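# Fold and contact review
What follows is each chain in one-letter form.
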Amino acid sequence: MMFRRQWLAMSALALSALALGSAQADTFPSRPIKIIVPFAAGGTGDVLIRTLQEPLQRRLGQPIIVENRLGASGSMGTVFVKNSPADGYTLLQVGNSTVTTPMLQKAANYDSQKDLAPVGLIATTPMVFLINPVVPATNIKQLIDYAKANAGKLEFSSAGRGSLAHLATESFNQAAGLKMVFVPYQGASQAFNAVLAGDVKVALTTPSDAINSFVGAGRVRMLAVSSEKRSPLLPDVPAISETLPNFVVNAFFGMSAPAGTPPAVIAKLNDALNKSIAEPAVQEKLKALGMFPHPGDAKSFGDMMTRDHALWTGVITKAGIEAE
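Summary of the structure given here. (Residues numbered from 1 in each chain as written. Predicted model: local features only at pLDDT ≥ 70, side-chain atom pairs only at ≥ 80, totals over all residues. Heavy atoms only, no water.)

### Topic: the packing of helix α2 (residues 44-60) against helix α9 (residues 263-277)
The geometry of α2 relative to α9 is characterised by a closest axis approach of 9 Å and an angle of 130 degrees between their N-to-C directions. By the criterion of interaxial angle, the relationship of α2 to α9 is oblique. When the axes of α2 and α9 are compared, the crossing they make is right-handed. Residues Leu52, Pro55, Leu56, Arg59 and Leu60 of α2 form the contact with α9, whose own contacting residues are Lys268, Leu269, Ala272, Leu273, Lys275, Ser276 and Ile277. Grouping the constituent residues of the contact of α2 with α9 by class yields eight nonpolar, one polar and three charged. (Axes fitted to C-alpha atoms, helices over the stretch in contact; angles between N-to-C directions. Helix = DSSP H or I, 4+ residues; strand = E, 2+ residues; numbered from the N terminus. Parallel < 35°, antiparallel > 145°, perpendicular 65-115°, else oblique. Left-handed = near helix turned anticlockwise from the far one by under 90°. Contact = heavy atoms within 4.5 Å. Nonpolar A, V, L, I, M, F, W, Y, C, P; charged D, E, K, R; others polar.)

The following block contains the structure:
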């Protein structure tokens, strides 16, 4: 009898929560929505959110406030959102580092799988594999053969320990059975300039017009892209997966809310996000940034982040990268 009363009480609470969530969704949004960008203004994620700011305002009928809360590799902004009310009025621009930072920093104070509710994926961009032309390789297979013949001698650069470029190259090392040596730099431009100068010979990085100009001038060689298939923006550049099946690494940009945000509120936000991404002006801006739009449902985005979590956990463990 006691068990039955407890079960009835729990069922009533669950129904009450559903009803409350539905009621919130009926009136949502009734005031401005804040989107936290956990990095400095002017970065790719910041530009992307500000591109979506006006379309989201039109579709949701409320002002969208973009606020940069930077620090601790994005943790400060992420923790702010984690601790905000789960009502849909405080959102977070998320990316690869949202997943990896807690694995690399003990003081991150959040769990990307438990503390955030996915709203939707916005866009992805592949990475490009660059080498200094002194390396006698014109494709990924030749690079692998050269690296194996010079085990422990070939160095790669990235924008700091634990950056996507660092982890992606470690993943390439593991997939190809290589031992290329990591050399950290303060930023992506310094990491690229090191390859340009020949101080290191290899880098995985995100594409840009500046990089393309140096490739065109023959000062660096672009061997491959890290997307599942060849990029429409670089149709003549092979995908790494053509040589190493299933090797896919993309930089991604999306949006999340605090865990516990009502599903109906998430659905409204997801719908507005997808429709905003589909607008021609937004699509053109994404293309100019070298990105590919990825509208989709919140669950698919959550599944993608879960796969990324498993991937980078394995790479970090195997590479012996310890949390600071």
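That was the structure; now back to the text.
### Here's the deal with the pairing of strand β6 (residues 155-158)
Pairing between β6 and strand β7 (residues 181-184): four bridges, direction parallel. In the strand pairing of β7, Glu155 is matched with Val181. A crossover links β6 with its parallel partner β7, the connecting element being helix α6 (residues 164-176), and its sense is right-handed. (Pairing = 2+ DSSP bridges. Right-handed = clockwise from strand over helix to strand, strands pointing away.)

### Some details on the sheet that holds strand β9 (residues 221-225)
Strands belonging to one sheet form pairs held by backbone hydrogen bonds; the direction of such a pair is parallel or antiparallel. The strand order across the open sheet formed by five strands is β7-β6-β8-β5-β9, and the pairing between neighbours is mixed. Every interior strand has two partners, whereas the edge strands, β7 and β9, have only one. Taken over all neighbouring pairs, the strand axes of this sheet differ in orientation by 30 degrees on average, direction set aside. As paired elements, β6 and strand β8 (residues 202-205) share two bridges and run parallel to each other.

### Section: the packing of aromatic side chains
Any two aromatic rings considered together are summarised by their centre-to-centre distance and by the angle between their planes. Per the counting criterion, the structure on display carries six aromatic pairs. Plain terms: the ring middles of Phe28 and Tyr89 are 5.0 Å apart, the flat faces sit at 65 degrees to each other, and that makes the pair edge-to-face. Residue Phe28 is located in the loop between α1 (2-27) and β1 (33-37), and its partner Tyr89 is located in the loop between α3 (75-82) and β3 (90-95); the two are separated by 61 residues in the primary sequence. Here Phe28 and Tyr89 have matching classes, each one buried. Among the aromatic residues, those joined into a ring-pair cluster are Phe129, Phe172 and Phe247. (Phe/Tyr/Trp six-rings, centres within 6.5 Å; stacked < 30°, edge-to-face > 60°. Buried < 20%, exposed > 50% of the residue type's maximum accessible area, 1.4 Å probe, protein only.)

### A word on the packing of α2 against helix α10 (residues 280-288)
Relative orientation of the contacting elements α2 and α10 amounts to 175 degrees, with a least axis distance of 10 Å. One element, α2, and the other, α10, form an angle in the roughly antiparallel class. When α2 is examined against α10, the residues Val47, Leu48, Thr51, Leu52 and Pro55 are found in contact with a partner set consisting of Val282, Lys285 and Leu286. The residue inventory of the contact of α2 with α10, partitioned by class, reads six nonpolar, one polar and one charged.

### Digging into the layout of surface pockets
There is about 630 Å³ of room inside the second largest pocket. Taken together, 25 residues make up the lining of the second largest pocket; nearest its centre are Thr124, Val248, Asn250, Met304 and Arg307. Secondary-structure elements contributing two or more residues to the lining of the second largest pocket are β4 (116-126), β10 (250-258) and α11 (298-319). Per-element accounting of the lining of the second largest pocket gives the leading share, seven residues, to α11. (1 Å grid on protein atoms, 1.4 Å probe; cavity = no way out; pocket = protein on both sides within 12 Å on 5 of 7 lines; lining within 4 Å. Points joined across faces, edges and corners; volume = space filled by probe spheres on them.)

### Some remarks on the nonpolar core
Counting residues in each nonpolar core, the largest one holds 75 residues, and the members touching the most others are Ile122, Phe129, Leu143, Phe172, Met180, Ile240 and Met255. Here this core takes seven residues from α11, the largest share from any one element. Residues within four places of Leu143 in sequence aside, it is in contact with Phe129, Ile131, Val135, Ala137, Leu154, Val202 and Leu223. Counting residues in hydrophobic clusters, the runner-up holds 16 residues, among them Val128, Val183, Phe192 and Ala239. (Core = buried A, V, L, I, M, F, W, Y, C linked by side-chain atoms within 4.5 Å.)

### Quick word on the pattern of salt bridges
Inspection of every chain in the model, using the stated rule, returns twelve salt bridges. Notably, a salt bridge pairs Asp46 with Arg50, separated by 2.9 Å at the nearest N-O pair. Of the two residues, Asp46 and Arg50 are both situated in helix α2; the distance of four residues between them amounts to about one turn of the helix. Asp46 gets classed as buried once you look at its relative accessible area, which sits at 4%. Of the charged contacts, one joins Asp145 and Lys141 as a salt bridge, the two residues approaching to 3.0 Å between their closest N and O atoms. Highlighted residues: Asp145 and Lys141, both in helix α5 (residues 140-149), separated by four residues, approximately one helical turn. What makes Asp145 partly exposed here is its relative accessible area of 41%. When salt bridges with common partners are traced through the structure, they connect Glu54, Arg58, Arg59 and Glu279 into a single cluster. (Salt bridge = Lys/Arg side-chain N within 4 Å of Asp/Glu carboxyl O.)

Purely spatial values, then, with no claim about function.
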